Amino acid sequence: MRIDLHTHSRASDGTQTPRELVHAAAAAGLDVLAITDHDTSAGWAEAAEAADECGIELVRGMEISTKHGRRGVHLLAYLPDPTYAPLLDELSSVLDGRRARVPMMLDRLRALGIDIGADDVRRAARGTAATGRPHVADALVTLGVVADRTEAFDRFLGAGRPANVDRYATPLLDTIRHVAAAGGVSVIAHPWGRSLHRLSEADLAGFQDAGLSGLEVDHQDHDPQARAELRAIANNLGLVVTGSSDHHGAGKNDHELGVNTTAPDQYARLLELAADAASAAGRATPEIIRG
Ligand code: AMP
Ligand code: ZN
Ligand code: FE
Ligand code: FE
């Protein structure tokens, strides 16, 4: 069983449609795929149809942009009822923040002498509600300013670069509670990726008290030592261990589908916890598609 629990489609900042993503996962030999676009369930319906078409097991999820103190934390939420109002309200605030940030980034880029407009980004975003820096990066590629997303982040959009602008993110602990109340389960994405401050075991234990179920240990942002240390922490705390590609289609190098995978026993535990959460919440949560 090959299980990949973190991927993006054009519903956020991946480059494949949800259908293309699901078919690519089946073609890559995966047995289970989770679609986890940023801050939206917009890709779920098309992904579910595609899973039926190609006989792959599909878990519907999302990657929520949260913050804890001043630190950004990406929270993978699996199988929440996407209509649960407190969760939906928070996601709307994030999407509003994403929209409001684009003109600020464009102002910064124009101040650097780059001729880029809102329409350039709109075209690159192709209708997603979760507009992000990768879409600005794609617009810069189309305009011939940079060669690829990586160069755009390195020169302009990444942390500490001149066109990087903050946006709203939901409070982490509240979001973990909302996901549980929506009948879903939460896993911290790449807990030690791309951040100056590593979350400590005590931090993670506190998140677990709020309802966190797991840690994404095997991720390309983690080197072998980080993976070993995180695995030890997860085992200590009794958190589920996942591994995933964080695939973005052609949008992110070195994140091919299945490059990291989740062990079947850990996936089974996650599904049990999701079933428990759904029955405790008494909500109609998405079923696993067994296509
Ligand atoms: P945003 O949500 O708008 O803040 O943008 C964050 C997204 O940008 C995440 O999905 C990251 O995967 C992506 N990202 C961050 N750094 C890079 C990079 N160097 N190249 C490509 N994508 C990146
Ligand atoms: Zn992304
Ligand atoms: Fe992430
Ligand atoms: Fe991601």
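Structure's up top.
In this report, the structure presented in the accompanying data block is examined. (Residues numbered from 1 in each chain as written. Chains lettered and ligands numbered in written order. Predicted model: local features only at pLDDT ≥ 70, side-chain atom pairs only at ≥ 80, totals over all residues. Heavy atoms only, no water.)

Of all residues adjacent to ligand 1, which total 15 residues, the nearest are Asp13, His38, Arg101, Arg133 and Lys252. Contact distances for ligand 1 include 2.4 Å between an oxygen atom and a side-chain N or O atom of Arg101. Lys252 has a polar side-chain atom sitting 2.8 Å from an oxygen atom of ligand 1. The protein chains hide 91% of the 510 Å² of surface that ligand 1 would expose on its own. Its atoms largely coinciding with the cavity grid, ligand 1 occupies the largest pocket. Going through the elements one at a time, α3 (85-111), α5 (133-142) and α6 (149-157) are the ones with two or more residues in the shell around ligand 1. When residues of the shell around ligand 1 are assigned to their parent elements, the largest contribution, 3 residues, is made by α6. Partitioned by chemical class, the residues of the shell around ligand 1 number 2 nonpolar, 5 polar and 8 charged. Counting residues domain by domain, the shell around ligand 1 receives three or more from each of domain 1 (3-91 + 168-290) and domain 2 (99-157). (Near = heavy atom within 4 Å. Polar contact = N/O pair within 3.5 Å; in protein donor to acceptor, adjacent residues only side chain to side chain. Areas by Shrake-Rupley, 256 points an atom, 1.4 Å probe, with all protein chains shown as cover. 1 Å grid on protein atoms, 1.4 Å probe; cavity = no way out; pocket = protein on both sides within 12 Å on 5 of 7 lines; lining within 4 Å. Sits in = over half its atoms within 2 Å of the grid points. Helix = DSSP H or I, 4+ residues; strand = E, 2+ residues; numbered from the N terminus. Nonpolar A, V, L, I, M, F, W, Y, C, P; charged D, E, K, R; others polar. Domains from an automatic or database assignment.)

What follows is about the packing of helix α4 (residues 118-125) against α5. In the contact formed by α4 and α5, the axes pass within 8 Å of each other and the chain directions differ by 110°. On the basis of their axis angle, the class for α4 and α5 is roughly perpendicular. Note on element contacts: α5 touches α4 through His135, Val136, Asp138 and Ala139, opposite Asp120, Val121, Ala124 and Ala125. Of the residues in the contact of α4 with α5, the class split is 5 nonpolar, 1 polar and 2 charged. (Axes fitted to C-alpha atoms, helices over the stretch in contact; angles between N-to-C directions. Parallel < 35°, antiparallel > 145°, perpendicular 65-115°, else oblique. Contact = heavy atoms within 4.5 Å.)

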